[in-house]
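Per-entry structural report
Given next are the chains, with one letter for each unit.
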Amino acid sequence: MSDWVSFAEIKRRVTLEQVLRHYQIDWLRRSGLHQYRGRCPIHQGQGTEAFHANLERGVFHCFACGAGGNVLDFVCAMEGCSIREAALRLQEAQGEGSVRMPWVQSGGTEGRKLVTKKRRDNPPLGFQLNLDRRHPYLARRGIEAAVADYFGVGYFGGRGLMSQRIAIPIHDPGGRLVAYSGRALDGAEPRYRFPGGFHKSQVLFNYHRARAAGQDRVIVVEGFFDCMRVHQADFPSVVGLMGASLSAVQKDLLADQFSGVVLMLDGDPTGSAATTEIAAELRPACRVSQVLLPPDLQPDRMSADQIRDALRSPE
Ligand SMILES: [Zn+2]
(Lines give C-alpha, C1' and ligand atoms only; values in the text may rest on other atoms or scores of the structure.)
Protein backbone atom coordinates (compact mmCIF):
# COMPACT_ATOMS: atom_id res chain seq x y z
CA MET A 1 0.00 0.00 0.00
CA SER A 2 1.45 3.32 -1.05
CA ASP A 3 1.61 5.90 1.70
CA TRP A 4 1.12 8.74 -0.70
CA VAL A 5 -2.46 9.90 -0.79
CA SER A 6 -4.22 12.72 -2.60
CA PHE A 7 -7.35 13.81 -0.75
CA ALA A 8 -8.48 15.89 -3.73
CA GLU A 9 -8.06 13.01 -6.16
CA ILE A 10 -10.08 10.67 -3.95
CA LYS A 11 -12.87 13.19 -3.44
CA ARG A 12 -13.04 13.60 -7.21
CA ARG A 13 -13.21 9.86 -7.91
CA VAL A 14 -15.42 8.55 -5.10
CA THR A 15 -18.90 9.98 -4.70
CA LEU A 16 -20.84 10.22 -1.47
CA GLU A 17 -23.59 8.23 -3.17
CA GLN A 18 -21.22 5.30 -3.79
CA VAL A 19 -20.05 5.33 -0.21
CA LEU A 20 -23.61 5.48 1.16
CA ARG A 21 -24.42 2.51 -1.03
CA HIS A 22 -21.38 0.64 0.23
CA TYR A 23 -22.65 0.97 3.79
CA GLN A 24 -26.13 -0.14 2.70
CA ILE A 25 -27.65 3.14 3.78
CA ASP A 26 -30.83 2.78 1.80
CA TRP A 27 -33.28 4.47 4.15
CA LEU A 28 -32.64 8.12 3.29
CA ARG A 29 -35.61 10.06 1.92
CA ARG A 30 -35.33 12.64 -0.79
CA SER A 31 -35.97 16.12 0.58
CA GLY A 32 -34.78 18.27 -2.32
CA LEU A 33 -33.24 18.00 -5.77
CA HIS A 34 -29.99 16.52 -4.46
CA GLN A 35 -30.89 16.52 -0.77
CA TYR A 36 -31.56 13.42 1.30
CA ARG A 37 -32.31 13.00 4.96
CA GLY A 38 -33.02 10.27 7.48
CA ARG A 39 -31.75 8.41 10.50
CA CYS A 40 -28.03 8.97 11.10
CA PRO A 41 -25.90 5.91 10.19
CA ILE A 42 -23.02 7.24 12.26
CA HIS A 43 -24.46 7.65 15.73
CA GLN A 44 -27.43 5.39 14.93
CA GLY A 45 -29.92 7.38 16.95
CA GLN A 46 -33.67 7.24 16.60
CA GLY A 47 -34.20 10.68 15.04
CA THR A 48 -35.44 10.29 11.48
CA GLU A 49 -34.58 13.85 10.46
CA ALA A 50 -31.09 14.13 11.90
CA PHE A 51 -28.87 13.14 8.99
CA HIS A 52 -28.70 15.29 5.85
CA ALA A 53 -26.75 14.51 2.70
CA ASN A 54 -26.29 16.55 -0.45
CA LEU A 55 -25.23 14.15 -3.18
CA GLU A 56 -24.36 16.84 -5.70
CA ARG A 57 -22.01 18.65 -3.36
CA GLY A 58 -20.88 15.38 -1.75
CA VAL A 59 -21.39 16.63 1.79
CA PHE A 60 -23.32 15.42 4.82
CA HIS A 61 -24.26 16.69 8.24
CA CYS A 62 -25.94 15.22 11.29
CA PHE A 63 -27.74 17.65 13.55
CA ALA A 64 -27.78 15.19 16.43
CA CYS A 65 -24.18 13.99 16.72
CA GLY A 66 -22.55 16.87 14.89
CA ALA A 67 -20.74 14.66 12.37
CA GLY A 68 -20.34 16.28 9.00
CA GLY A 69 -18.09 16.89 6.04
CA ASN A 70 -17.16 15.26 2.76
CA VAL A 71 -16.82 11.66 1.59
CA LEU A 72 -13.57 11.21 3.51
CA ASP A 73 -15.09 12.51 6.73
CA PHE A 74 -17.96 10.09 6.25
CA VAL A 75 -15.74 7.01 5.87
CA CYS A 76 -13.66 8.19 8.79
CA ALA A 77 -16.76 8.53 10.98
CA MET A 78 -18.16 5.14 9.93
CA GLU A 79 -14.89 3.28 10.42
CA GLY A 80 -13.65 5.18 13.43
CA CYS A 81 -10.38 5.90 11.69
CA SER A 82 -8.37 8.99 10.85
CA ILE A 83 -8.98 11.06 7.71
CA ARG A 84 -5.69 9.83 6.34
CA GLU A 85 -6.66 6.20 6.96
CA ALA A 86 -10.00 6.77 5.28
CA ALA A 87 -8.21 8.23 2.28
CA LEU A 88 -5.78 5.33 2.10
CA ARG A 89 -8.64 2.86 2.25
CA LEU A 90 -10.54 4.56 -0.52
CA GLN A 91 -7.39 4.92 -2.58
CA GLU A 92 -6.54 1.28 -2.08
CA ALA A 93 -10.06 0.24 -2.96
CA GLN A 94 -9.86 2.31 -6.13
CA GLY A 95 -6.49 0.89 -7.10
CA GLU A 96 -6.03 -2.03 -9.45
CA GLY A 97 -5.73 -5.52 -8.02
CA SER A 98 -7.00 -4.59 -4.59
CA VAL A 99 -7.82 -7.80 -2.73
CA ARG A 100 -7.79 -6.92 0.95
CA MET A 101 -10.52 -4.28 0.83
CA PRO A 102 -12.74 -5.20 -2.09
CA TRP A 103 -14.86 -2.09 -1.92
CA VAL A 104 -15.03 -1.67 -5.64
CA GLN A 105 -15.37 -4.04 -8.54
CA SER A 106 -15.56 -3.59 -12.26
CA GLY A 107 -19.04 -2.76 -13.44
CA GLY A 108 -20.34 -2.68 -17.03
CA THR A 109 -20.29 0.53 -18.99
CA GLU A 110 -20.79 2.55 -15.83
CA GLY A 111 -17.25 1.73 -14.84
CA ARG A 112 -16.51 0.93 -11.24
CA LYS A 113 -19.23 0.32 -8.69
CA LEU A 114 -19.16 -0.20 -4.99
CA VAL A 115 -19.92 -3.67 -3.74
CA THR A 116 -23.26 -3.69 -1.99
CA LYS A 117 -23.30 -7.29 -0.82
CA LYS A 118 -24.66 -7.64 2.70
CA ARG A 119 -21.78 -8.49 4.99
CA ARG A 120 -22.10 -9.64 8.57
CA ASP A 121 -18.50 -10.28 9.50
CA ASN A 122 -16.09 -7.71 10.86
CA PRO A 123 -13.10 -7.27 8.56
CA PRO A 124 -9.76 -6.53 10.25
CA LEU A 125 -9.27 -2.82 10.83
CA GLY A 126 -5.77 -2.73 9.40
CA PHE A 127 -4.56 0.25 11.45
CA GLN A 128 -4.22 1.34 15.05
CA LEU A 129 -5.07 4.60 16.74
CA ASN A 130 -2.45 6.40 18.77
CA LEU A 131 -3.91 6.51 22.27
CA ASP A 132 -2.97 8.10 25.57
CA ARG A 133 -3.12 5.18 27.99
CA ARG A 134 -2.41 7.38 30.99
CA HIS A 135 -5.41 9.66 30.57
CA PRO A 136 -6.86 10.59 34.01
CA TYR A 137 -10.32 9.27 33.04
CA LEU A 138 -9.01 5.71 33.22
CA ALA A 139 -7.71 6.20 36.75
CA ARG A 140 -11.04 7.79 37.70
CA ARG A 141 -12.77 4.60 36.52
CA GLY A 142 -10.36 2.56 38.64
CA ILE A 143 -8.36 1.15 35.74
CA GLU A 144 -4.72 0.55 36.64
CA ALA A 145 -1.98 1.50 34.19
CA ALA A 146 -0.98 -2.12 33.59
CA VAL A 147 -4.58 -3.04 32.80
CA ALA A 148 -4.94 -0.08 30.42
CA ASP A 149 -1.84 -1.37 28.64
CA TYR A 150 -3.13 -4.95 28.58
CA PHE A 151 -6.44 -3.93 27.00
CA GLY A 152 -4.82 -1.22 24.88
CA VAL A 153 -7.37 1.41 25.92
CA GLY A 154 -6.67 5.13 25.94
CA TYR A 155 -7.75 8.62 25.02
CA PHE A 156 -7.85 9.60 21.36
CA GLY A 157 -7.15 13.26 20.69
CA GLY A 158 -7.23 13.09 16.87
CA ARG A 159 -10.07 13.67 14.44
CA GLY A 160 -12.78 11.19 13.59
CA LEU A 161 -15.41 9.05 15.26
CA MET A 162 -13.29 8.35 18.34
CA SER A 163 -12.26 11.98 18.73
CA GLN A 164 -11.93 13.07 22.38
CA ARG A 165 -13.14 9.72 23.64
CA ILE A 166 -11.60 6.75 25.41
CA ALA A 167 -11.06 4.30 22.56
CA ILE A 168 -11.42 0.62 23.40
CA PRO A 169 -9.98 -1.88 20.89
CA ILE A 170 -12.29 -4.77 19.98
CA HIS A 171 -10.94 -7.97 18.45
CA ASP A 172 -12.50 -10.85 16.57
CA PRO A 173 -12.29 -14.38 18.05
CA GLY A 174 -8.96 -14.83 16.26
CA GLY A 175 -7.50 -11.80 18.02
CA ARG A 176 -7.51 -9.42 15.06
CA LEU A 177 -8.42 -5.82 15.76
CA VAL A 178 -11.79 -5.16 14.09
CA ALA A 179 -13.07 -1.94 15.68
CA TYR A 180 -12.78 0.64 18.39
CA SER A 181 -15.59 1.70 20.66
CA GLY A 182 -15.41 5.26 21.95
CA ARG A 183 -16.51 6.08 25.50
CA ALA A 184 -17.53 9.70 26.09
CA LEU A 185 -15.61 11.38 28.90
CA ASP A 186 -18.59 13.37 30.10
CA GLY A 187 -22.32 12.76 29.79
CA ALA A 188 -22.26 13.11 25.99
CA GLU A 189 -24.57 10.81 24.05
CA PRO A 190 -24.07 8.20 22.88
CA ARG A 191 -22.01 7.10 25.86
CA TYR A 192 -20.39 4.47 23.64
CA ARG A 193 -19.83 5.08 19.97
CA PHE A 194 -19.33 2.23 17.51
CA PRO A 195 -18.37 2.43 13.83
CA GLY A 196 -21.46 2.10 11.63
CA GLY A 197 -20.18 -1.01 9.86
CA PHE A 198 -19.34 -2.90 13.05
CA HIS A 199 -21.39 -5.98 13.95
CA LYS A 200 -21.37 -6.27 17.72
CA SER A 201 -23.29 -9.56 17.65
CA GLN A 202 -20.36 -11.34 15.98
CA VAL A 203 -17.83 -10.88 18.76
CA LEU A 204 -17.38 -10.95 22.52
CA PHE A 205 -15.14 -8.32 24.05
CA ASN A 206 -11.85 -9.86 25.31
CA TYR A 207 -12.73 -13.34 23.98
CA HIS A 208 -9.34 -14.08 22.41
CA ARG A 209 -7.51 -13.22 25.65
CA ALA A 210 -10.00 -15.08 27.83
CA ARG A 211 -9.50 -18.14 25.67
CA ALA A 212 -5.73 -17.82 25.97
CA ALA A 213 -6.12 -17.90 29.77
CA GLY A 214 -6.94 -21.58 29.24
CA GLN A 215 -9.57 -22.02 31.94
CA ASP A 216 -12.72 -24.15 31.72
CA ARG A 217 -14.81 -21.37 33.18
CA VAL A 218 -15.49 -17.91 31.80
CA ILE A 219 -17.11 -14.94 33.51
CA VAL A 220 -19.57 -13.00 31.36
CA VAL A 221 -20.19 -9.32 32.08
CA GLU A 222 -22.01 -6.57 30.20
CA GLY A 223 -19.55 -3.78 29.51
CA PHE A 224 -15.94 -2.97 28.68
CA PHE A 225 -15.20 -1.45 32.07
CA ASP A 226 -16.87 -4.35 33.89
CA CYS A 227 -14.59 -6.65 31.95
CA MET A 228 -11.46 -4.66 32.74
CA ARG A 229 -12.29 -4.48 36.44
CA VAL A 230 -12.95 -8.22 36.69
CA HIS A 231 -9.67 -8.90 34.89
CA GLN A 232 -7.98 -6.53 37.31
CA ALA A 233 -9.34 -8.60 40.22
CA ASP A 234 -7.27 -11.52 38.83
CA PHE A 235 -9.92 -13.19 36.70
CA PRO A 236 -8.41 -13.15 33.20
CA SER A 237 -11.08 -15.52 31.88
CA VAL A 238 -13.73 -12.83 31.39
CA VAL A 239 -15.65 -11.54 28.37
CA GLY A 240 -18.02 -8.63 27.76
CA LEU A 241 -21.33 -8.85 25.88
CA MET A 242 -21.20 -5.12 25.02
CA GLY A 243 -24.81 -4.97 26.14
CA ALA A 244 -27.33 -7.07 28.02
CA SER A 245 -28.19 -9.67 25.41
CA LEU A 246 -26.54 -12.74 23.93
CA SER A 247 -26.48 -13.29 20.17
CA ALA A 248 -26.47 -16.75 18.58
CA VAL A 249 -22.84 -16.27 17.53
CA GLN A 250 -21.84 -15.18 21.03
CA LYS A 251 -23.55 -18.23 22.46
CA ASP A 252 -21.60 -20.50 20.11
CA LEU A 253 -18.34 -18.76 20.97
CA LEU A 254 -18.91 -19.41 24.67
CA ALA A 255 -20.07 -23.00 24.32
CA ASP A 256 -17.23 -23.74 21.94
CA GLN A 257 -14.50 -22.84 24.35
CA PHE A 258 -15.82 -23.12 27.90
CA SER A 259 -17.65 -25.80 29.83
CA GLY A 260 -18.76 -23.37 32.53
CA VAL A 261 -20.17 -19.86 32.32
CA VAL A 262 -20.60 -17.49 35.26
CA LEU A 263 -23.01 -14.67 34.47
CA MET A 264 -22.20 -11.48 36.35
CA LEU A 265 -24.36 -8.83 34.72
CA ASP A 266 -25.39 -5.51 36.25
CA GLY A 267 -27.66 -5.62 39.28
CA ASP A 268 -30.26 -3.33 37.69
CA PRO A 269 -33.60 -4.71 36.40
CA THR A 270 -32.25 -4.95 32.83
CA GLY A 271 -29.26 -6.94 34.00
CA SER A 272 -31.19 -9.33 36.19
CA ALA A 273 -33.83 -9.97 33.51
CA ALA A 274 -31.04 -10.59 30.99
CA THR A 275 -29.32 -12.98 33.41
CA THR A 276 -32.42 -15.18 33.58
CA GLU A 277 -32.86 -15.13 29.83
CA ILE A 278 -29.22 -15.78 28.94
CA ALA A 279 -28.90 -18.55 31.54
CA ALA A 280 -31.86 -20.33 29.93
CA GLU A 281 -30.29 -19.97 26.47
CA LEU A 282 -26.91 -21.27 27.60
CA ARG A 283 -28.00 -24.15 29.83
CA PRO A 284 -28.38 -26.73 27.07
CA ALA A 285 -24.83 -25.95 25.93
CA CYS A 286 -22.84 -25.54 29.14
CA ARG A 287 -22.86 -25.33 32.93
CA VAL A 288 -24.24 -21.96 33.97
CA SER A 289 -24.02 -20.20 37.30
CA GLN A 290 -24.93 -16.64 38.15
CA VAL A 291 -23.85 -13.87 40.45
CA LEU A 292 -26.83 -11.73 41.33
CA LEU A 293 -25.67 -8.27 42.33
CA PRO A 294 -27.76 -5.79 44.34
CA PRO A 295 -29.80 -3.40 42.15
CA ASP A 296 -27.38 -0.51 42.61
CA LEU A 297 -24.24 -2.48 41.81
CA GLN A 298 -22.36 -3.44 38.67
CA PRO A 299 -18.87 -4.95 38.31
CA ASP A 300 -17.20 -1.71 37.16
CA ARG A 301 -18.14 -0.07 40.45
CA MET A 302 -16.91 -2.92 42.64
CA SER A 303 -13.53 -3.16 44.31
CA ALA A 304 -11.31 -6.12 43.50
CA ASP A 305 -12.19 -7.62 46.89
CA GLN A 306 -15.92 -7.22 46.28
CA ILE A 307 -15.54 -8.91 42.89
CA ARG A 308 -13.59 -11.80 44.41
CA ASP A 309 -16.19 -12.21 47.16
CA ALA A 310 -19.05 -12.19 44.67
CA LEU A 311 -17.33 -14.79 42.49
CA ARG A 312 -16.51 -17.07 45.39
CA SER A 313 -20.02 -18.40 45.64
CA PRO A 314 -22.00 -18.02 42.44
CA GLU A 315 -25.43 -19.67 42.59
ZN1 LIG B 1 -25.46 11.49 13.81
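The structure contained in this document is the topic of the report that follows. (Residues numbered from 1 in each chain as written. Predicted model: local features only at pLDDT ≥ 70, side-chain atom pairs only at ≥ 80, totals over all residues. Heavy atoms only, no water.)

1. Here's the deal with the overall build of the protein chain
The secondary structure content of the protein chain amounts to eleven helices and 15 strands. Taking all 315 residues of the protein chain together, 51% fall into the buried category. Pairs at least 24 residues apart make up 57% of the contacts formed inside the protein chain by residues separated by at least 6 positions. Carbon and sulfur atoms make up 48% of the accessible area of the protein chain, which amounts to about 14,900 Å² in all. (Helix = DSSP H or I, 4+ residues; strand = E, 2+ residues; numbered from the N terminus. Buried < 20%, exposed > 50% of the residue type's maximum accessible area, 1.4 Å probe, protein only. Contact = heavy atoms within 4.5 Å. Areas by Shrake-Rupley, 256 points an atom, 1.4 Å probe, with all protein chains shown as cover.)

2. Topic: the packing of aromatic side chains
Summed over the entire model, instances satisfying the criterion amount to twelve aromatic pairs. With a centroid separation of 5.7 Å and an interplanar angle of 10 degrees, the aromatic rings of Phe194 and Phe198 are classed as stacked. Owing to a relative accessible area of 11%, Phe198 belongs among the buried residues under this scheme. Pairwise contacts between aromatic rings join Tyr150, Phe151, Tyr192, Phe194, Phe198, Phe205 and Phe224 into one cluster. The positively charged end of Arg39 is found above the aromatic ring belonging to Trp27, 4.6 Å away from the centroid. Above the face of the Tyr150 ring, Arg209 is positioned so that its terminal group lies 5.4 Å from the ring centre. (Phe/Tyr/Trp six-rings, centres within 6.5 Å; stacked < 30°, edge-to-face > 60°. Lys NZ or Arg CZ within 6 Å of the ring centre and 35° of its normal.)

3. Describing the pattern of salt bridges
In this structure the tally under the stated criterion is twelve salt bridges. Of the charged contacts in the structure, one is a salt bridge between Arg89 and Glu79, with a shortest N-O distance of 2.9 Å. Of this pair, Arg89 sits in helix α4 (residues 83–94) while Glu79 sits in helix α3 (residues 71–79), placing them ten residues apart in sequence. Here the two residues Arg89 and Glu79 agree in accessibility, since each one is buried. One salt bridge connects Asp300 with Arg141, and the closest N-O pair in it is separated by 2.7 Å. Highlighted residues: Asp300 in the loop between β15 (287–290) and α11 (304–312) and Arg141 in the loop between α5 (136–140) and α6 (145–151), separated in sequence by 159 residues. In this structure, Asp300 and Arg141 share a single accessibility class: buried. Through salt bridges that share partners, Glu9, Arg12 and Arg13 make up one connected network. (Salt bridge = Lys/Arg side-chain N within 4 Å of Asp/Glu carboxyl O.)

4. Some points on the nonpolar core
With 41 residues, the main nonpolar core has Val19, Ile42, Phe51, Phe60, Phe74, Leu129 and Tyr180 as its most contacted residues. Those elements that provide at least two residues to this core are α2 (16–22), β3 (51–54), β4 (59–62), α3, α4 and β10 (177–184). Looking at this core element by element, the count peaks at seven residues for α3. Both domains that meet at this core, namely domain 1 (7–114) and domain 2 (128–198), each give it at least three residues. Sequence-distant contacts of Phe74, that is, excluding residues within four places in its chain, are made with Leu16, Val19, Leu20, Tyr23, Ile25, Pro41, Ile42, Phe51 and Phe60. Residues Phe198, Phe224, Met228 and Leu293 belong to the second largest nonpolar core, which totals 37 residues. (Core = buried A, V, L, I, M, F, W, Y, C linked by side-chain atoms within 4.5 Å. Domains from an automatic or database assignment.)

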